[in-house]
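Survey of secondary and tertiary structure
In case you want the letters, here they are:
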Amino acid sequence: MDKIFEDLSKLERYPKDQDVNLRPYDAADELVLEYLLQHRGAGVLIIEDRFGALTFNIDNVVDVVTDSFISFHGITKNAKNLGRELRPIKKSLEDVKEWDKIDIVVFKVPKNMSYFEDVINFLATKLTEGTEVICPAMIKHLPKTVFEVLESNFGKTWTSLAKKKARLVFGKLEKNSVSRLTKYPLVVNFDGFVKPFTNYSNVFSRSKLDIGTRFFLENIPTGYRRILDLGCGNGVVGIKAKLVNPEADISFADESAMAIRSAKVNFENYFADEPITFWTNCFDSEFHDEKFDLILCNPPFHQQTIVGDFIALQMFNDAFQSLERGGLLRVIGNRHLNYHIKLKQIFGDSKTIASNSKFVIIDCHKR
Ligand SMILES: C[S@@+](CC[C@H](N)C(=O)[O-])C[C@H]1O[C@@H](n2cnc3c(N)ncnc32)[C@H](O)[C@@H]1O
C-alpha cells in the first residue's frame, strides 16, 4: 500500500490552476486499489479514471477508457511526469478490442446516470459470464440508480464496507445478454428544427432542449464566416449558426467525446460539409491557435461534481485569445451568475443584448 500512496501523492490535477485544496484522487480510488491488491494479475478495464490514480497503480491494465478530455490529458500528463509508459487511452468503449482479457472492470461512478446506464448496458453485452464490475464512489455521490442499473444488467450486486466516506459497489455478470438493451443514443426532435438530433448518453440536455439554449437560439447573429460553438453539447447552437450563416465554417469544441460525436453526426445530417471538431478543455491555447470571427458559448457550471464558474471563466479567456481583432464572443448565462463583470475584465467591454426572467445574453468584442 505504501507504494500506491507514493504514486498518488505525485499526481497532479489538470488544469493545474484550479483550487489547490482539490486532490487528484479520492478515498474511493484508495478503496478500490486496496481491494485489487488481493487480485493481482487479473486483467482490468478502467473506465473514467480521473487523473491516473487507478491507471498507474493497477497491476494488469487491459485498457483505459474515458469520455473526458480533462481526464485523458490529465492521465497523459501524469504519465510523462512519473516516467510511466502509457498505452493509448480510448475515448469510447467501442474502441476496446481485447474483451477476452478482461476479468474485472473498474468504472468510477460518473455524475451522469444516463451515461452510467449506457456503459453498464454495453458491458453486459461484451463481457463474459462471471466478470466482475466494481464501481467506486464517494457515498454522497452514490445514487440508488447505480444499484438498480447494475442489478438489472448484471444480476446480484453487493457493496464493500464504507471507508473514509467511500464505498465500492460490485456486480458479477450472471449471464451475458444477447442484445444491447440500450435506449442510447436518443433520437429527439426539437421545436424549430426540421430534422431530429442524435444525442449520445453523456451529452448535456440529451432528451430535450435546455431552456437557456432555447433562448440563445433566438439570438444567433448573422454575417460571420468562422464560427466556434464552444461547449457544443449536441451541436444545436452551431447548427443554428450555420442555418443563419450558410457560408460559414463551423467548429465545435467540447470536453466530452460523446458531445463531439453527437455534434458531428447532427451537423452532417443537416449539411453537406464537415464541421471542424476539437475534443479539448475550453479552448486551451496549449493545443490551439485557430482564430474565429464569432464564438458562441453557453458555458457549463460544473465539472463532474465540482460546481463553479471556473470553466466559464477559462472559456471566456480562451475565447478572447481565439478571436480575431473585431471578433465577437456571445455568451448566455443565468442572471445571478453576473458573467458581465468577468467579461468586462477580460474584454474591457460587455453589453447585454437580450434578457428574460432567467437568462442574459452578453456580447463582447475583441478590440
Ligand atoms: C451548458 S452545456 C451547453 C451545450 C450546448 N451548447 C447547448 O447549449 O445545448 C455546456 C457544455 O460544455 C461542455 N464542457 C464542460 N466542461 C468543458 C470544458 N472544460 N471544456 C469544453 N467544454 C466543456 C459540456 O460537456 C457541455 O456540452
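The following paragraphs examine the structure supplied in this document. None of the values given here were measured: they were computed from a predicted structure. (Residues numbered from 1 in each chain as written. Predicted model: local features only at pLDDT ≥ 70, side-chain atom pairs only at ≥ 80, totals over all residues. Heavy atoms only, no water.)

Quick word on the packing of aromatic side chains
One pass over the structure, following the stated rule, counts 20 aromatic pairs. With a centroid separation of 5.3 Å and 85° between ring planes, the pair formed by Phe69 and Phe287 is classed as edge-to-face. Of this pair, Phe69 sits in helix α3 (residues 69–82) while Phe287 sits in the loop between β11 (276–279) and β12 (292–297), placing them 218 residues apart in sequence. Through a chain of ring-to-ring contacts, the aromatic side chains of Phe190, Phe193, Phe197, Phe252, Phe267, Tyr270 and Phe271 assemble into a single cluster. The positively charged end of Arg23 is found above the aromatic ring belonging to Tyr25, 4.4 Å away from the centroid. A cation over an aromatic ring shows up here: Lys242 above the ring of Phe271, its NZ or CZ 5.9 Å from the ring centre. (Phe/Tyr/Trp six-rings, centres within 6.5 Å; stacked < 30°, edge-to-face > 60°. Helix = DSSP H or I, 4+ residues; strand = E, 2+ residues; numbered from the N terminus. Lys NZ or Arg CZ within 6 Å of the ring centre and 35° of its normal.)

Things to note about the packing of helix α9 (residues 310–322) against helix α10 (residues 339–347)
Helix packing for two helices is described by the angle between their axes and how far apart those axes are. At their nearest, the axes of α9 and α10 sit 10 Å apart, and the two run at 30° to each other. The orientation of α9 with respect to α10, classified from their angle, is roughly parallel. Note on packing geometry: the crossing formed by α9 with α10 is right-handed. On α10, the residues that touch Ala312, Leu313, Phe316, Asn317 and Phe320 of α9 are Tyr339, Lys342, Leu343, Ile346 and Phe347. Tallied by class, residues from the contact of α9 with α10 come to eight nonpolar, one polar and one charged. (Axes fitted to C-alpha atoms, helices over the stretch in contact; angles between N-to-C directions. Parallel < 35°, antiparallel > 145°, perpendicular 65-115°, else oblique. Left-handed = near helix turned anticlockwise from the far one by under 90°. Contact = heavy atoms within 4.5 Å. Nonpolar A, V, L, I, M, F, W, Y, C, P; charged D, E, K, R; others polar.)

A short note on the site of the ligand
Close to the ligand lie 18 residues, the nearest being Thr213, Gly231, Asp254, Asn281 and Cys282. Here Gly233 contributes a backbone N or O atom positioned 3.3 Å from an oxygen atom of the ligand. Separating a nitrogen atom of the ligand from a side-chain N or O atom of Asn281 is a distance of 2.8 Å. When the ligand sits alone it has 590 Å² of accessible area, and the protein chains cover 93% of it. Classifying every residue of the shell around the ligand gives nine nonpolar, seven polar and two charged. (Near = heavy atom within 4 Å. Polar contact = N/O pair within 3.5 Å; in protein donor to acceptor, adjacent residues only side chain to side chain. Areas by Shrake-Rupley, 256 points an atom, 1.4 Å probe, with all protein chains shown as cover.)

Quick word on the nonpolar core
Among the nonpolar cores identified, the biggest contains 38 residues, and Phe193, Phe197, Val236, Ile239 and Leu296 are the most heavily contacted of them. It is helix α8 (residues 257–270) that contributes the most residues to this core, five residues altogether. Setting aside residues no more than four positions away along its own chain, Leu296 makes contact with Phe216, Ile220, Pro221, Ile227, Leu228, Asp229, Leu230, Val237, Ala241 and Arg330. In this structure, Val65, Leu93, Met113 and Val146 belong to the second largest nonpolar core, which totals 34 residues. (Core = buried A, V, L, I, M, F, W, Y, C linked by side-chain atoms within 4.5 Å. Buried < 20%, exposed > 50% of the residue type's maximum accessible area, 1.4 Å probe, protein only.)

Thoughts on the sheet that holds strand β15 (residues 323–334)
Each strand in a sheet pairs with another by means of backbone hydrogen bonds, the pair being arranged parallel or else antiparallel. The sheet built from seven strands is open, its strands ordered β11-β10-β9-β12-β15-β17-β16 with mixed pairing. Each edge of the open sheet is held by one strand with a lone partner, namely β11 and β16 (351–355). Here the average twist between neighbouring strands, direction ignored, is 20°. Pairing geometry for strand β9 (residues 226–230) and strand β10 (residues 249–254), over five bridges, is parallel. Residue pairing across strands places Leu228 opposite Ser251, the latter belonging to β10. Along the sheet, helix α7 (residues 236–244) makes contact with β9, β10 and β12, crossing β10 at roughly 170°. On the sheet, α9 packs against β9, β12 and β15 and is oriented at approximately 160° with respect to β15. (Pairing = 2+ DSSP bridges.)

These values are about where atoms sit, not about what they do.
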